[in-house]
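# Fold and contact review
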Amino acid sequence: MKAFFISTILVGGIALTACKKDKSTDDDHDDHEEHATALITLTNPHENDTIQGNFSITGSIVGTANLHGYQVTVKKAANDSIIYQNEVHDHLAEFTINQSVTNSFTVYTPLKLEVVVALDHDGNTESKTVNFVVH
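Residues numbered from 1 in each chain as written. Predicted model: local features only at pLDDT ≥ 70, side-chain atom pairs only at ≥ 80, totals over all residues. Heavy atoms only, no water.

### Topic: the overall build of the chain
This is how it is decided: In DSSP terms, a helix is any run of H or I states spanning at least four residues, a strand is any run of E spanning at least two, and both are numbered starting from the N terminus. Whether a residue is buried, partly exposed or exposed follows from its accessible area with a 1.4 Å probe, protein chains only, as a fraction of its type maximum: under 20%, in between, or over 50%, in that order. We call two residues in contact when some of their heavy atoms are within 4.5 Å. Here, Shrake-Rupley sampling with a 1.4 Å probe gives the accessible areas, and only protein chains in the shown set may cover a residue.
Within the chain, the secondary structure is distributed over one helix and eight strands. Counting from the amino terminus, helix and strand elements in the chain follow one another as α-β-β-β-β-β-β-β-β. Taken over 135 residues, the chain has a buried fraction of 28%. Put simply, of all contacts in the chain between residues at least 6 apart along the chain, 64% involve residues at least 24 apart. Within the structure as shown, the chain displays about 8900 Å² of accessible surface, and the carbon and sulfur contribution to it stands at 53%.

### Some points on the nonpolar core
The following threshold applies: Here, nonpolar core means buried Ala, Val, Leu, Ile, Met, Phe, Trp, Tyr and Cys residues that are tied together by side-chain atoms lying within 4.5 Å of each other.
By size, the foremost hydrophobic cluster in this structure holds 25 residues, and its most contacted members are I57, I61, L113, V115 and F132. In this structure, V115 is in contact with I40, L42, I61, Y70, Q71, V72, I97, E126, S127 and K128, ignoring residues within four places of it in sequence.

### Things to note about the environment of D90
Examined against the element boundaries, D90 turns out to sit in the loop between β5 (82-88) and β6 (94-101). Along the primary structure D90 and G69 are separated by 21 residues, whereas in three dimensions their C-alpha atoms are 5.0 Å apart. Every residue in contact with D90, bar those within four places of it in the chain, is listed here: L67, H68, G69 and F95.

### Observations concerning the packing of aromatic side chains
In this description, an aromatic ring pair is defined by two values, namely the gap between the centres and the angle between the planes. Here is the rule we go by: Between 30 and 60 degrees the pair is tilted, below 30 it is stacked and above 60 it is edge-to-face, where a pair is any two Phe, Tyr or Trp rings, Trp via its six-membered ring, whose centres lie within 6.5 Å.
In the structure shown here, the tally under the stated rule is two aromatic pairs. Here F55 and F132 contribute two aromatic rings whose centre-to-centre distance is 5.4 Å and whose plane-to-plane angle is 75°, an arrangement assigned as edge-to-face. Taken together, the positions of F55 in strand β3 (residues 55-63) and F132 in strand β8 (residues 125-134) put the pair 77 residues apart, joining distant regions of the chain. Pairing Y70 with F95 gives two aromatic rings, centres 5.2 Å apart and planes at 65°, and the pair type is edge-to-face. Separated by 25 residues along the polypeptide, Y70 in strand β4 (residues 70-76) and F95 in strand β6 bring together distant segments of the chain. Both residues of the pair, Y70 and F95, count as buried.

### Description of the confidence of the model for the chain
Heads up, the rule is: Confidence scores per residue from the predictor, reported as pLDDT, run from 0 to 100.
With 76% of its residues at a pLDDT of at least 70, the chain reaches an overall mean of 84. Here residues 4-32 is modelled with pLDDT under 50, and outside its nearest four sequence neighbours on either side it reaches zero contacts, counting other chains as well.

### A few points about unusual backbone geometry
Across the junction of N44 and P45, the peptide omega takes the value -5°, indicating a cis bond. With respect to the helices and strands, P45 occurs in the loop between β1 (38-44) and β2 (50-51). Of note, the phi angle at N48 is positive, near 70°, even though the residue is not glycine. Looking at the element boundaries, N48 is found in the loop between β1 and β2. Although it is not a glycine, D80 adopts a positive phi angle of roughly 60°. Relative to the elements of secondary structure, D80 occurs in the loop between β4 and β5. Residue classification places D80 among the partly exposed residues on the basis of a relative accessible area of 39%.

As structure tokens, then:
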């Protein structure tokens, strides 16, 4: 019985010590948790452009550290239906965006371009949106 009592105290003491260390480590990270940031620059299309025919999506993404990829989506502004989407998953600090989109619209159609950058694998993102019209 005495051995059981000593074992229980030892295991309990270790568990309490481990919890204190984890808690202080978590507190340190909560106060100073930082992740990469990114600057998204879109050079084509520009806000409120009117584009006839096929078009290119160009620009750059520059991160403060390695990023985890990006996604380019073009949607109809009226109902958010996707007309083009492409995802790049790579671990780089800089990306060049150069994608071609086939325009099948014959009437003036407002579109929305959204570029979303994955800053890390924890779900942190940055995005940029451009509204334009095609025909």
